[in-house]
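One letter stands for each residue in the lines below.
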Amino acid sequence: MFLYCGIACRRKFFWCYRLLSTYVTKTRYLFELKEDDDACKKAQQTGAFYLFHGLAPLLQTSAHQYLAPRHSLLELERLLGKFGQDAQRIEDSVLIGCSEQQEAWFALDLGLDSSFSIRASLHKPEMETELKGSFIELRKALFQLNARDASMLSTAQALLRWHDAHQFCSRSGQPTKKNVAGSKRVCPSNNIIYYPQMAPVVITLVSDGTRCLLARQSSFPKGMYSALAGFCDIGESVEETIHREVAEEVGLEVESLQYCASQHWPFPSGSLMIACHATVKPGQTEIQVNLRELETAAWFSHDEVATALKRKGPYTQQQNGTFPFWLPPKLAISHQLIKEWVEKQTCSSLPA
Ligand SMILES: NC(=O)c1ccc[n+]([C@@H]2O[C@H](COP(=O)([O-])OP(=O)(O)OC[C@H]3O[C@@H](n4cnc5c(N)ncnc54)[C@H](O)[C@@H]3O)[C@@H](O)[C@H]2O)c1
Ligand SMILES: [Mg+2]
């Protein structure tokens, strides 16, 4: 009997341990907050808030890096009170994650129009002084944030932008209402539910076996090249988008492809970047650049790419008027894709 109990208890302990692993607990907690408005409101009491103004996150500078400060509900209520705002404005906030200790994290934009406020947008310079930070465009700050803040702020910005753009039902024209977590909006007149969306984008590093193909758009910083990227058209598989984008942008036919990784990307308005390696036949490598899409594209050797990976742009113009060749920074999935290609090439060139 004792032995039986012992085994049963150990089994139970093992089962609880499995269920209560930090990751599972955190995931279940976030799921509950998205489904249960009261639970989410309760979580706000002990939660922390990232602040934005016109989709630009509040940042503080620390040793050449940006840090994203968080504020408690109490601090936020005090701040809104000081600027003559109703604390109801906090209902505009969206849930973006939680800590391992289940402190829920929210994001709130103080610069976007609010249905809860008479004076919709709070005055930016005054708020910056009060908060001892600056609201900085995410595009400018992203690469000077640590990986966790970059990911949190990217998610937050995409979600805040989506809510701002989906205030009305496209069928009835009536105002839609968000749930407390901000994981959906509902039209009260017809019960249509709107969920936040993101656009799938493929990013492909094409190789001919020894070289890889990199391209630039005129909007890129000078000297920077990247892998080929393109939005998925409606009805396409990832494989079909890769074939089409490579043909459209550089006039080549993909022979084989291999998945590498994926990343949420906040620009232009929330994309899921799906990164893949692709090969073309060694004899069919003549590039025909589509100038409507790209400024230029070219084949680069392993050594050229390996050297460029170590450079950190943006660069100033050289004496001969050109800019050094450099690649996107570590945080961008294109960097990871290119680095993986370089490592594979290095391994395959080593003697067996
Ligand atoms: N994270 C990274 O490493 C990385 C690297 C390269 C590109 N990107 C991102 O990939 C995205 C797509 O690359 P691209 O610009 O070459 O795409 P693209 O080649 O599909 O060309 C862009 C054009 O596609 C059209 N388009 C179709 N669907 C669209 C949609 N849902 N949203 C916006 N435009 C749409 C527009 O006309 C737009 O001008 C860019 O927004 C860029 O920010 C990210
Ligand atoms: Mg493109």
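Residues numbered from 1 in each chain as written. Chains lettered and ligands numbered in written order. Predicted model: local features only at pLDDT ≥ 70, side-chain atom pairs only at ≥ 80, totals over all residues. Heavy atoms only, no water.

A. Quick peek at helix 2 (residues 22-35). Spanning 14 residues, helix 2 covers 20 Å between terminal C-alpha atoms, matching the ideal 20 Å at 1.5 Å per step. Taken together, the buried positions of helix 2 are Y29, L30 and L33. In a view along the axis of helix 2, the buried residues occupy a sector of 95°, so they form one face of it. Facing away from the buried side of helix 2 by over 90 degrees, the exposed positions are R28, F31 and E35. Against helix 3 (37-46), strand 5 (94-98) and strand 6 (104-109) lie the buried residues of helix 2. (Helix = DSSP H or I, 4+ residues; strand = E, 2+ residues; numbered from the N terminus. Expected span 1.5 Å × (residues − 1). Buried < 20%, exposed > 50% of the residue type's maximum accessible area, 1.4 Å probe, protein only. Arc of directions from axis to C-beta. Contact = heavy atoms within 4.5 Å.)

B. Molecular detail of the site of ligand 1. The immediate surroundings of ligand 1 are formed by 19 residues, with Q217, A229, F231, E249 and S334 found nearest. The separation between an oxygen atom of ligand 1 and a polar main-chain atom of A229 is 3.0 Å. In the complex, the protein chains occlude 63% of the 850 Å² of accessible area that ligand 1 would expose alone. Broken down by secondary-structure element, the contributors of at least two residues to the shell around ligand 1 are strand 11 (199-207), strand 13 (228-231), helix 8 (238-250), strand 14 (256-265) and helix 10 (333-349). (Near = heavy atom within 4 Å. Polar contact = N/O pair within 3.5 Å; in protein donor to acceptor, adjacent residues only side chain to side chain. Areas by Shrake-Rupley, 256 points an atom, 1.4 Å probe, with all protein chains shown as cover.)

C. Main features of the coordination of the magnesium ion (ligand 2). At 2.1 to 2.2 Å from the magnesium ion (ligand 2) lie its protein donor atoms, namely A229 (O) and E249 (OE). With A229 in strand 13 and E249 in helix 8, the pair connects residues that are 20 residues apart, well separated along the chain. By relative accessible area, which is 29% here, A229 ends up partly exposed. (Donors = N, O, S within 2.8 Å, 3.2 Å for Na, K, Ca; no water.)

D. How the structure looks around the pattern of salt bridges. Evaluation of the coordinates by the stated rule reveals 11 salt bridges. The partner of D149 in a salt bridge is R148, with the nearest N and O atoms 3.5 Å apart. Overall, D149 belongs to the buried group, its relative accessible area being 3%. Between E245 and R244 there is a salt bridge, with the nearest N and O atoms lying 3.1 Å from each other. The residues E245 and R244 share a single accessibility class, namely buried. (Salt bridge = Lys/Arg side-chain N within 4 Å of Asp/Glu carboxyl O.)

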